[in-house]
Amino acid sequence: LKFAMRLVSIVRVLCWPKRCGVYRVELNWHCSEATTESQCSAPETKPKSNSARTARLHKQVLSAGLRWLSDAEAVEAVKQNAKERGNDTDFDKLLRDGSDFARLRTEMLTLKYRRQVNSKSFHLQGKGEIIALKEERANLKQKTTEMLEKEEELLDGLLSVPNNTHPDVPIGGVEESKVVYTHGAKPEFNFSIRKHSEIGIQLDLIDCNSASSACSPGFYYLKGALAVLEVALIQYAMQKAMSKGFYPIITPDIVKHDVMEGCGFSPRGDKTHTYSLENRLQYLSGTAEMPLAGLFMDSCLPKKDLPLKVVAFGRCYRNETRGRGQPIKGIYRVNQFSKVELFAVTANETGRESSDMLEEILAIQKEINEELGFHYRVLDMASEELGLPAYRKYDIEVWMPGENMYGEVRASSLVYSLVPALIPFRSQALPTALISRAIVCGYRIIVI
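Remember, it's a predicted structure, so these values are computed and weren't measured experimentally.

1. Overview of the nonpolar core
Here comes step 1: In terms of nonpolar packing, the biggest core is built from 21 residues, with Trp68, Leu69, Phe91, Leu94, Leu154 and Leu158 touching the most fellow members.
Here comes step 2: Apart from the residues lying within four places of it in its own chain, the contact partners of leucine 94 are Trp68, Leu69, Thr89, Leu154, Gly157, Leu158 and Val161.
Here comes step 3: Core analysis: the next-biggest nonpolar cluster, separate from the first, contains 18 residues, Ile249, Cys263, Ala288 and Leu306 among them.

2. Quick notes on the confidence of the model for the protein
Here comes step 1: The pLDDT averaged across the protein works out to 76; a share of 74% of its residues lies at or above 70.
Here comes step 2: At the level of individual helices and strands, the protein shows its lowest average pLDDT in helix H13 (residues 432–435), which scores 27, and its highest in strand E1 (residues 178–183), which scores 96.
Here comes step 3: Across residues 322–326, confidence stays below pLDDT 50; counting only partners more than four residues off in sequence or on other chains, it has 13 contacts.
Here comes step 4: Confidence drops under pLDDT 50 across residues 418–448; counting only partners more than four residues distant or on other chains, this segment forms 124 contacts.

3. Thoughts on the pairing of strand E10 (residues 376–380)
Here comes step 1: For E10, the buried fraction is high: four of the five residues fall into the buried class.
Here comes step 2: Both E1 and E10 contribute to a ladder of five bridges, which runs antiparallel. Looking across to E10, one finds that valine 179 is bridged to leucine 379.
Here comes step 3: In this structure, E10 lies alongside strand E11 (residues 392–400), joined through five bridges in antiparallel fashion. Each residue of the ladder has a partner; that of leucine 379, found in E11, is aspartate 395.

4. A word on helix H8 (residues 224–243)
Here comes step 1: Over its 20 residues, H8 runs 29 Å from end to end, which matches the ideal 28 Å to within 8%, given 1.5 Å per residue.
Here comes step 2: Those residues of H8 that fall on the buried side of the exposure criterion are Leu226, Glu230, Ile234, Ala237, Met238, Lys240 and Ala241. Down the axis of H8, the buried side of the element spans an arc of 165 degrees, and every buried residue falls inside it. Along H8, exposed side chains directed more than 90 degrees from the buried face belong to Ala225, Val228, Val231 and Ser243.
Here comes step 3: A positive phi of about 95 degrees marks glycine 245, the residue just after H8.

5. With respect to unusual backbone geometry
Here comes step 1: Residue leucine 306 is joined to proline 307 through a cis peptide bond whose omega torsion reads 0 degrees.
Here comes step 2: Here proline 307 lies in the loop between strand E7 (300–301) and strand E8 (308–317).
Here comes step 3: At arginine 333, a residue that is not glycine, the phi angle is positive and equals roughly 60 degrees.
Here comes step 4: Turning to its location among the elements, arginine 333 is positioned in the loop between E8 and strand E9 (336–346).
Here comes step 5: Judged by relative accessible area, arginine 333 falls into the partly exposed class, the value being 23%.
Here comes step 6: Its identity is not glycine, yet asparagine 404 carries a phi of approximately 55 degrees, on the positive side.
Here comes step 7: Structurally, the position occupied by asparagine 404 is in the loop between E11 and strand E12 (405–416).
Here comes step 8: Taking the relative accessible area as the measure of exposure, asparagine 404 reaches 58% and is therefore exposed.

Quick notes on the rules
Residues numbered from 1 in each chain as written. Predicted model: local features only at pLDDT ≥ 70, side-chain atom pairs only at ≥ 80, totals over all residues. Heavy atoms only, no water. Core = buried A, V, L, I, M, F, W, Y, C linked by side-chain atoms within 4.5 Å. Buried < 20%, exposed > 50% of the residue type's maximum accessible area, 1.4 Å probe, protein only. Contact = heavy atoms within 4.5 Å. pLDDT = per-residue confidence, 0-100. Helix = DSSP H or I, 4+ residues; strand = E, 2+ residues; numbered from the N terminus. Pairing = 2+ DSSP bridges. Expected span 1.5 Å × (residues − 1). Arc of directions from axis to C-beta.

So, in structure tokens, the structure goes:
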């Protein structure tokens, strides 16, 4: 029996390289002798988010998450920050998941090491020992499955934890947001004011009914002079940004799962506003910030090129409601709109670069509003209005006479630490501690 088992082991060793080669080919493409891409066809399998880049990003999140979960003081600080931002992450469950994952991973690695040691002397084992090794192999498979399931739960929890909050941000809901600047006064008219939707329909400039029939509610057609006006506003905003040293880019409208997730946007769950492509881990971009982050993903930026400032035009898609306040008919708070976005990557040697960039972006927004003749106000948004990724956010609200209310048309956000942790990029000649704290600032002009 021992001689037969030894012979089987020798045959396995001799056949193993060939089996590995076949396995490797079948994982990537279905082809016999793959020499060119045209000779192969993609495997007909359900898409999974297990790309090498996604796996690497998740590994970084798990590593960082397990470190701060083991620090009771850090956990309390993160929990308090989440509470102030209105985040509903279950930290008790997160701690349990972290502990269970660490235990399962240790058990799995121990079993894996024992299997590797025993496999070297497999052909010398007796019948009873061989049976025990098979049971151990089945136990390893079970532990691996349990660990992967717990890893998914832990990742979902960690990715729901919000970014840190700037110490000057007001704590509370939208009503706590602080007005930090006001320009002009509310305009007065000696005639009856009409809503923009009524004027647009009367002049045949806006057609929401046809768009609802052709697409769905929340979409619209711009016609005639209004279509020309949107193009003119986009060109005006691009030229303004370029005059301030921003490099122009037109972005793709589709992003991958790992890019969206890395930007702090969840494409899954009941609360998502994302349009997804069926049977693909790809999504319609809700903001040009996502493809711009992907542009710099996995790149090393020369220190001499910082700050790196770009201005991008893109179409944005969001399956969302009308937002704060009463519902507004027309083309405000819609599911598709045009946007010009400023995006900057700065160093962090003095600790002021990112804040200075945020103020520079805000100054450009103010200049645009004033040149267009708007009465507007700037709000330092309260903690519960920051969402998941923002460290600090300014909203610019313009007075809308037809609606008798202020409406958000622009926003500037400072994303501190979160995006670089999930969208890895680094700068040459900067210390590691500062590389990990590189800054991304985002800004948008919503054309309405």
